[in-house]
Structure formats: C-alpha cells, structure tokens
Amino acid sequence: MDAWVRFSAQSQARERLCRAAQYACSLLGHALQRHGASPELQKQIRQLEGHLSLGRKLLRLGNSADALESAKRAVHLSDVVLRFCVTVSHLNRALYFACDNVLWAGKSGLAPRVDQEKWAQRSFRYYLFSLIMNLSRDAYEIRLLMEQETSAYGRRMKVSGVPGGVETGGPGEPGTPGACLPQLALKFRLRVLLLARVLRGHPPLLLDVLRNACDLFIPLDKLGLWRCGPGIVGLCGLISSILSILTLICPWLRLKP
Amino acid sequence: MDAFVRFTNQSQGRDRLFRATQHACMLLRYLLESKAGTEAAIVKLKSLESSVSTGRKWFRLGNVVHAIQATEQSIQVTDLVPRLCLTLANLNRVVYYICDTVLWVKSVGLTSGVNREKWQLRATRHYYYFLLLSLVRDLYEILLQMEQVLQDRAKREKSPQGSPGYNVVSEDTDYLQSFLLLFFRSLRRHPPLLLDTVKNLCDILIPLNQLGIYKSNLGVVGLGGLVSSVAGLITIVYPQLKLKTH
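Worth saying up front: this structure is predicted, and the values here are computed from it rather than measured.

A. How the structure looks around the overall build of chain B. When helices and strands are counted, chain B shows nine helices and zero strands. Shown N-terminal to C-terminal, the secondary structure of chain B runs as helices and strands in the order α-α-α-α-α-α-α-α-α. Dimensions of chain B, computed from the C-alpha atoms along their principal axes, are close to 75 × 50 × 45 Å. Looking at chain B residue by residue over its 246 residues, the buried ones come to 43%. Per element, the accessible surface of chain B, about 13,700 Å² overall, is 62% carbon and sulfur. Looking at charge distribution, chain B has the averaged site of its 30 positive side-chain charges lying 7 Å from that of its 19 negative ones.

Below is the structure:
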C-alpha cells in the first residue's frame, strides 16, 4: 500500500498508468472489432479511450517546463554526440508538449478555433524527431560499448598469448569472392552476438532501446509514413508504457546520460 | 523554473494548482456575471472549469489507498481527542473516495446503472463529515494552544523580575475581547494550525452549499475554494507548515 502511495505521488507515474490504460483500450478495441463484439461494448471502449486521452492531456500540462529543464541540464554533458542528441531530443519534446497543450486548449473549449488536425500533425512530427534523436543516442552508446568490449577482448587475448584475433583470422585468401561470403556471414554473426552481449550487460540501455523502438510506431502510423494499423500501435504503446512504468518503479533501470 | 518542475512532479502539487484554477474560474464567472459584453468570456471560463474539474478526477483515482493509510496512521496518535477525530475523519474520506470512484466509472461510460445524484449526495455528505471532524480537531488544538499561552503568561507573572502585566480575564465586559485576543494570539503562534483551520473553514463552504445547509452563491464558493487551494499549495511548497500529528 505504501508503495502505491509513493508511486502515485509522482504525477508522471499517473500519466504513464493512464497511457498504458489508453493503449490497452486501443488494443482491446481493435481485438473486439476483429472478433465481432457488440457495437455497444466497442463504443464503451472507444469512449473510455477518449476520456483517457483527454485526461492525459490535462495531466501533461506544464511538461514543457520539465523538458526545457532537462535540455538545460543536457547542455553540460561532456561527450559532444551525447550532448547534441539529448539536448535536441528534449527540445523537440518541449515543442511536442507545447503543441499538446494547444490541442488541449482546443478540445476543452478555451480556444475553439484551433485546427485540431494541423496541430496534431505538428505534435507528432516533433515527437518523431525526439524519438529519432533518442534512438541515435542509443545507437551511439551501443557502438561505444561494443568498441569497449572488442578492445577488452583483444587485450585479454594478448595477455593469454593467443595469436591473431577475431578480426584478422578466417579461412580463404583475400581476393577470392567465393570465400568472402562465409567470412562476412561469420563477421555478421559475431557482431550480432556482441550486440546481444552488450545489451544484456546494460539493462537500462536495452530498456531504452526497446521503449524508443516501440514508441516509434505511433508517430509513424499517425503521420501516415508507415501505416501499421491500430492493433500494432496499441500493442507497441502498451509495451512502451509498461517499460517506462518499470523505470519509474526501479530508478536504477533509467538510462542516465 | 527548477522549483516549478519539482513542485509539479508531485501529483498533489499539480492537483492543487488545477483546483485553484477551477475555483478562480468560478469566482471570475461570478464577478463577470452582471457585466455586459462578457458572455463569450463566461462561456470560456465555464468550459475551462468543467474540463479542469473532469481532468482532476484522474488525480483522485486510487486515493482510497492514501486515505486508508492515513486512517491507519491516525489510529496511532497518542492524544485521545485528535485520535478519535482524525480516525473518523479519515474513514469518512475513504467512503468519499469510494463514492468518487463510482462517479468516475459512471462518467467515463463504463457502467450505466449508477444513480449519479444519489452517489454525488453520498460523496458530498461524507466529505462534509470529514471536514467537520477536521475542524473539531483544529478547535481542540486551538484550545490546547490557548491553555499553553495562559500557562506561559501565568509563569511570567509569577516570576519576580516579570512585570505584573494585565490580567486576561479582568472584567465581564472585556471577556469576549480578551477571549478573541487569546484565540488569535494562539493561532499566530502556530502557523500550521492557522493554515489548516483556514483551509478547512473555506473548504466546508462547498459541501454546506451543495447540501443546502447554508446556501451561498457562486462567488463565495469560488473564493472559499481558491483560498483553501492556495493554503494547500503553501503546505506543499513549505512542508514544515503542514499540521503534524503527535
């Protein structure tokens, strides 16, 4: 009980819970439609999803300030690539929240002349840019960690006296195209194994990659760039909301810049 | 901006801000009602008020658990009168949140068999009992403080260096004046108690109006709600001003 009190005291936690519920409703609605459920039930689910969406917009009022603060802090990061990616991502997030606030003002009747469609498209565009920056940052971190792993492995091999290494050894002479293909396949397999090893050893990074990858489907679908359907959008939204709730419950799982 | 971010990260902080906004809209609507040419502004204020009020329900979902935890804590208070008042008050709060959750289920359309007026009345009644019991507790604490002030004054008068001072209860005609002076002096000594009393007094105007016990107008309800929300905001920004139980 104490855990719920502490969890729900954070406004971000409540917003994430509502997000998970919203995408669960979206997924449920799609499943019910596929299996021919009663229109009354479908209408109820759609209505609940609408209420959750509007409620979340109110819960997010003021998040622009949070994103700007994070951008201000990110400007002081030492690594140049990280500094660029994280700052630009937070700035895009701040703009996304600002557009979201305008949408709320329109929906709540404060500014009835707001073009909902135009501002919704704008907000999803900023959201997409922010996610692309996040994924670039994740890719950069993964690359750094993979380089660290290979150099550490190389050092271990040198110490133990094993000749050659992963990169140089291999069958076939250079110049014979037939023998290059299995070599490439082996190299690719080793890279994938190294990637899996790096991600398994860094759960916060793995969680962040999964979350951003799942989130990416939402703006791609809404902007019409890659229509995946409401089922996939609902499922991905639900998974990413659950993962972000996990990072709120277990703060050590959050990726620190 | 950092302070604003830290403040809004707490659900309660955001909720108090929205509550203040909601009641400010109510007050503004009352003030603009009689003026000409303000119909559009009044419509906008009404829609802002209703959307903020609807949105605040999301902050109240799950607060039943908070109220149950508060009841458990109030059972362990040492003093008898606060223990009784706080436990009963928190029990009423639990019932209020249960009624509020039922009303939320009805408002999002998940069920159609709920009689909205009946549950709204139940919720308001239990909220009213909660505030009444909180005020009884505040009154008890004020009386304790007044007793403390009198004891301190008696101690000062007994000491040889101290000046004779003036007697609090000197004449019958001065009694009410002296009592009120003592009352306000005790409150001034104890800012958390003052804040809590003001908050509960302003809050109780809302259910008094809704239950028809003391019908006031939109302006009074709006002002009362705004003042109590600001008092609540102050206790969140300055946690040392929150009334503690011993």
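B. Local environment of the packing of aromatic side chains. Residues and elements named next belong to chain A. The final tally for this structure, using the stated rule, is ten aromatic pairs over all chains. A centroid spacing of 5.3 Å and a plane angle of 45° characterise the contact between Tyr96 and Phe97, whose relative ring orientation is tilted. You can call Tyr96 buried: its relative accessible area is 10%. Aromatic side chains Phe217 and Trp226 sit 5.6 Å apart centroid to centroid with 45° between the ring planes, which places their arrangement in the tilted category.

C. Spotlight on the pattern of salt bridges. In this structure the tally under the stated criterion is 17 salt bridges over all chains. Notably, a salt bridge pairs Glu69 of chain A with Lys72 of chain A, separated by 3.3 Å at the nearest N-O pair. Taken as a pair, Glu69 of chain A and Lys72 of chain A lie in helix α4 (residues 63-74) at a separation of three residues, close to a single helical turn. With a closest N to O distance of 2.7 Å, Arg60 of chain B and Asp100 of chain B form a salt bridge.

D. Looking closely at the packing of helix α5 (residues 80-107) of chain B against helix α6 (residues 116-158) of chain B. Residue and element names in this part refer to chain B. Two elements in contact, α5 and α6, have axes separated by 8 Å at closest approach and are oriented at 160°. Classified by the angle their axes make, α5 and α6 are roughly antiparallel. The handedness of the crossing between α5 and α6 comes out as left-handed. For the contact of α5 with α6, the per-class residue count stands at 19 nonpolar, four polar and six charged.

E. Molecular detail of the interface of chain A and chain B. With 31 residues of chain A at the contact, the number on the chain B side is 33 residues. Both faces combined, the contact of chain A with chain B buries some 2,800 Å², and carbon together with sulfur accounts for 62% of it. For the chain A face of the interface with chain B, the top three residues by lost area are Met1, Arg14 and Leu58 of chain A, together amounting to 21%. For the pair chain A and chain B, the interface holds zero salt bridges. The interface formed by chain A and chain B includes 14 residue pairs in polar contact (both at pLDDT 80 or more). When residues of the side of chain A that touches chain B are traced back to their parent elements, those giving at least two are α1 (2-8), α2 (11-34), α3 (39-59) and α4 of chain A. The element contributing the most residues to the side of chain A that touches chain B is α3 of chain A, with eight residues. The class makeup of the residues in the side of chain A that touches chain B is 15 nonpolar, eleven polar and five charged.

F. Seen up close, the domain arrangement of chain A. Residue and element names in this part refer to chain A. The domains assigned to chain A are domain 1 (1-59 + 229-256) and domain 2 (62-151 + 196-201). Spacing between the C-alpha centres of domain 1 and domain 2 amounts to 20 Å. Taken together, the contact pairs seven residues of domain 1 with eight residues of domain 2. Note on domain 1 versus domain 2: buried area summed over both sides is about 700 Å², and carbon and sulfur give 52% of it. Together, Leu54, Lys57 and Leu255 form the three largest contributors to the area buried by domain 1 at its contact with domain 2, with a combined 64%. Here domain 1 is connected to domain 2 by one salt bridge.

G. Representation of a nonpolar patch on the surface within the structure. A cluster of nonpolar residues, Tyr175, Leu176, Phe179, Leu180 and Phe184 of chain B, forms a patch on the protein surface that exposes about 520 Å² of accessible area. With respect to the helices and strands, Leu176 of chain B occurs in helix α7 (residues 175-189).

H. Layout of helix α4 (residues 63-75) of chain B. Between its first and last C-alpha atoms α4 of chain B spans 19 Å; for 13 residues at 1.5 Å apiece the expected length is 18 Å, and the two agree. By the burial criterion, the buried members of α4 of chain B are Asn63, Val64, Ala67, Gln69, Ala70, Thr71 and Ser74 of chain B. Elements in contact with the buried residues of α4 of chain B: α1 and α2 of chain A together with α3 (39-60) and α5 of chain B.

I. Here's a closer look at the confidence of the model for chain A. All names here are of chain A. When pLDDT is averaged along chain A, the result is 88, and 93% of the positions lie at 70 or above. Put simply, α1 is where chain A has its lowest mean pLDDT, 78, and helix α8 (residues 203-222) is where it has its highest, 95. Predicted confidence is poor over residues 165-173, with pLDDT under 50, and the contacts of this stretch with residues over four places away or in other chains come to six contacts.

Procedures and definitions
- Residues numbered from 1 in each chain as written.
- Chains lettered and ligands numbered in written order.
- Predicted model: local features only at pLDDT ≥ 70, side-chain atom pairs only at ≥ 80, totals over all residues.
- Heavy atoms only, no water.
- Helix = DSSP H or I, 4+ residues; strand = E, 2+ residues; numbered from the N terminus.
- Buried < 20%, exposed > 50% of the residue type's maximum accessible area, 1.4 Å probe, protein only.
- Areas by Shrake-Rupley, 256 points an atom, 1.4 Å probe, with all protein chains shown as cover.
- Lys, Arg positive; Asp, Glu negative; His and termini not counted.
- Charge placed at Lys NZ, Arg CZ, Asp CG, Glu CD.
- Phe/Tyr/Trp six-rings, centres within 6.5 Å; stacked < 30°, edge-to-face > 60°.
- Salt bridge = Lys/Arg side-chain N within 4 Å of Asp/Glu carboxyl O.
- Axes fitted to C-alpha atoms, helices over the stretch in contact; angles between N-to-C directions.
- Parallel < 35°, antiparallel > 145°, perpendicular 65-115°, else oblique.
- Left-handed = near helix turned anticlockwise from the far one by under 90°.
- Nonpolar A, V, L, I, M, F, W, Y, C, P; charged D, E, K, R; others polar.
- Contact = heavy atoms within 4.5 Å.
- Buried area = accessible area lost by both parts, 1.4 Å probe.
- Polar contact = N/O pair within 3.5 Å; in protein donor to acceptor, adjacent residues only side chain to side chain.
- Domains from an automatic or database assignment.
- Patch = residues over 30% accessible without salt bridge, like charges linked within 9 Å, V, L, I, M, F, W, Y side chains within 5 Å.
- Expected span 1.5 Å × (residues − 1).
- pLDDT = per-residue confidence, 0-100.

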